[in-house]
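Each chain, written out:
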Amino acid sequence: MLVKIVLLVTLAVVSSHAQSKVPVYVYYESLCPDSAKFINEQLYPTVKQFPNNIDLKLIPFGKSSYRTQGSETLFECHHGPNECYGNKVHACALANIEGNSYQPNRTKEVLTLEYVNCLMERAQFKSGEFPGKACADQFEINWETIEQCSNSTQGSNLLRNYGDETLKLQNPLASVPTVAFRQTYDSDVQKLAVDNFRAALCKNLSPAPMECRVGPGGGAAAIASVGLLTVVSLALTRLI
């Protein structure tokens, strides 16, 4: 009987961490103060807390527009030409950052999040100066590849594709940033997400992981559950 109870507890704890990932699409602009505030204060810390629950899709286009002229693609951006370049840097980073799946702190997903967070944190909104190289150096990312992409047809094509993806959600985009779970726009979810992304995420996870149930200090709960698993494993070993 005790063995059954122990097994049930173990399964309950494991299942609380074995969550499927919910797709989260974030439509933003590289020189938008509201985008920076959301990414730095809401998105980044929440993704760090829920790395196994979010399939993050970053869309750096916002309220920009584009038109073709011959073989060229010409962009007009919400905060001017410098933002068009910044959007290309983001697009090229998303496409070209390479990670190491054998190093948990240097996977493509981790490095991309760190780099984008750094770009938004250091962006000079008034001067338009862009911290691409500084952030790349900080996280040992190949800046030369991103820079070459940003100044080439590849960067324009990537940004144009993000423009098309943005317009599929809303044409035109109503606000920046826009957050869409499962690539579906909902005005109520949008309002909640930009103010409290963690709460919006937890509402879209079913069943909700333990971190959602215990509040923002969910890290402690996760550690406690790991400790519980250890105790359960020891108990099983002794019984068997």
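Here the structure is a predicted model, which is why all the values come from computation and not from measurement.

Student: How should I be thinking about the overall build of the protein in this particular structure?
Tutor: If you tally the helices and strands in the protein, you get 11 helices and 5 strands. Considering the protein as a whole, with its 240 residues, one finds that 45% of them fall into the buried category. Partitioning the contacts of the protein with sequence separation of at least 6, the portion at a separation of at least 24 is 69%. Here the protein displays about 12,900 Å² of accessible surface, and carbon together with sulfur accounts for 53% of that area.

Student: How should helix H3 (residues 81–96) be read in this particular structure?
Tutor: Between its terminal C-alpha atoms H3 stretches 22 Å, which fits the 22 Å expected from 16 residues at 1.5 Å a residue. Among the residues of H3, those classed as buried are Glu83, Cys84, Gly86, Asn87, Lys88, Val89, His90, Ala91, Cys92, Ala93 and Leu94. On its buried face, H3 is in contact with strand E1 (22–28), strand E2 (54–60), strand E4 (72–76), helix H4 (108–122), helix H6 (143–150) and helix H7 (153–169).

Student: I would appreciate a short explanation of the packing of aromatic side chains in the present structure.
Tutor: Working definition: an aromatic ring pair is given by the centre-to-centre distance plus the angle between the planes. In this structure the tally under the stated criterion is 4 aromatic pairs. When the ring of Tyr66 is compared with that of Phe75, the centres are 6.1 Å apart and the planes differ by 55°; the resulting orientation is tilted. Its relative accessible area of 28% is what places Tyr66 among the partly exposed residues. Among the aromatic residues, ring-to-ring pairing joins Phe38, Phe181 and Phe197 into one connected group.

Student: Can you help me understand the pairing of strand E3 (residues 65–69) in this one?
Tutor: Looking along a regular strand, one sees side chains alternate from face to face of the sheet. Where E3 meets E4, 5 bridges bridge the pair, whose relative direction is antiparallel. The residue of E4 that forms the bridge with Arg67 is Leu74.

Student: What exactly am I supposed to notice about unusual backbone geometry here?
Tutor: Apart from glycine, the bulk of residues carry a negative phi angle, and the bulk of peptide bonds sit in the trans form. The linkage connecting Asn171 with the following residue, Pro172, adopts the cis geometry, with an omega of 0°. Tracing the backbone shows Pro172 in the loop between H7 and strand E5 (178–181). Of note, the amide linkage connecting Ser206 to Pro207 takes the cis form, showing an omega dihedral of -5°. Phi angles above zero are rare outside glycine, and Arg182 is one such case at about 55°. Here Arg182 shows up in the loop between E5 and helix H8 (187–195). In this structure, Gln183 is a non-glycine residue whose phi angle is positive, near 60°.

Student: Mind showing me how you'd approach the nonpolar core here?
Tutor: Counting 41 residues, the largest nonpolar core has Val24, Leu43, Phe181 and Phe197 as its most contacted members. Looking at this core, the elements that each hand over two or more residues are E1, helix H2 (33–49), E2, H3, H4, H7, E5 and helix H9 (197–203). Setting aside residues up to four positions removed in sequence, Leu43 forms contacts with Val26, Phe38, Leu56, Leu58 and Phe197. Grouped together as the second largest cluster of nonpolar side chains are 18 residues, Leu111, Cys118, Phe139 and Trp143 included.

Student: What is the right way to read the state of the cysteines from this model?
Tutor: One way to say it: the disulfide is the covalent bond shared by the sulfur atoms of two cysteines. A full pass over the atoms with the stated rule returns 4 disulfides. Between the sulfur of Cys77 and that of Cys84 lies a disulfide, 2.1 Å long from S to S. Disulfide Cys77-Cys84: torsion about the S-S bond near 120°, hence right-handed. Of the two residues examined, Cys77 and Cys84, each falls in the buried class. Between the sulfur atoms of Cys202 and its disulfide partner Cys212 the distance amounts to 2.0 Å. Between Cys202 and Cys212, the disulfide has an S-S torsion of -85° and is therefore left-handed. On the criterion of sequence distance, the pair formed by Cys202 in helix H9 and Cys212 in helix H10 (residues 210–214) is long-range, its members being 10 residues apart. Of the two residues, Cys202 and Cys212, both sit in the buried class. If one numbers only the bonded cysteines of the protein, in the order they occur, the disulfide pattern is 1-2, 3-6, 4-5, 7-8.

Definitions and cut-offs
- Residues numbered from 1 in each chain as written.
- Predicted model: local features only at pLDDT ≥ 70, side-chain atom pairs only at ≥ 80, totals over all residues.
- Heavy atoms only, no water.
- Helix = DSSP H or I, 4+ residues; strand = E, 2+ residues; numbered from the N terminus.
- Buried < 20%, exposed > 50% of the residue type's maximum accessible area, 1.4 Å probe, protein only.
- Contact = heavy atoms within 4.5 Å.
- Areas by Shrake-Rupley, 256 points an atom, 1.4 Å probe, with all protein chains shown as cover.
- Expected span 1.5 Å × (residues − 1).
- Phe/Tyr/Trp six-rings, centres within 6.5 Å; stacked < 30°, edge-to-face > 60°.
- Pairing = 2+ DSSP bridges.
- Core = buried A, V, L, I, M, F, W, Y, C linked by side-chain atoms within 4.5 Å.
- Disulfide = S-S within 2.5 Å.

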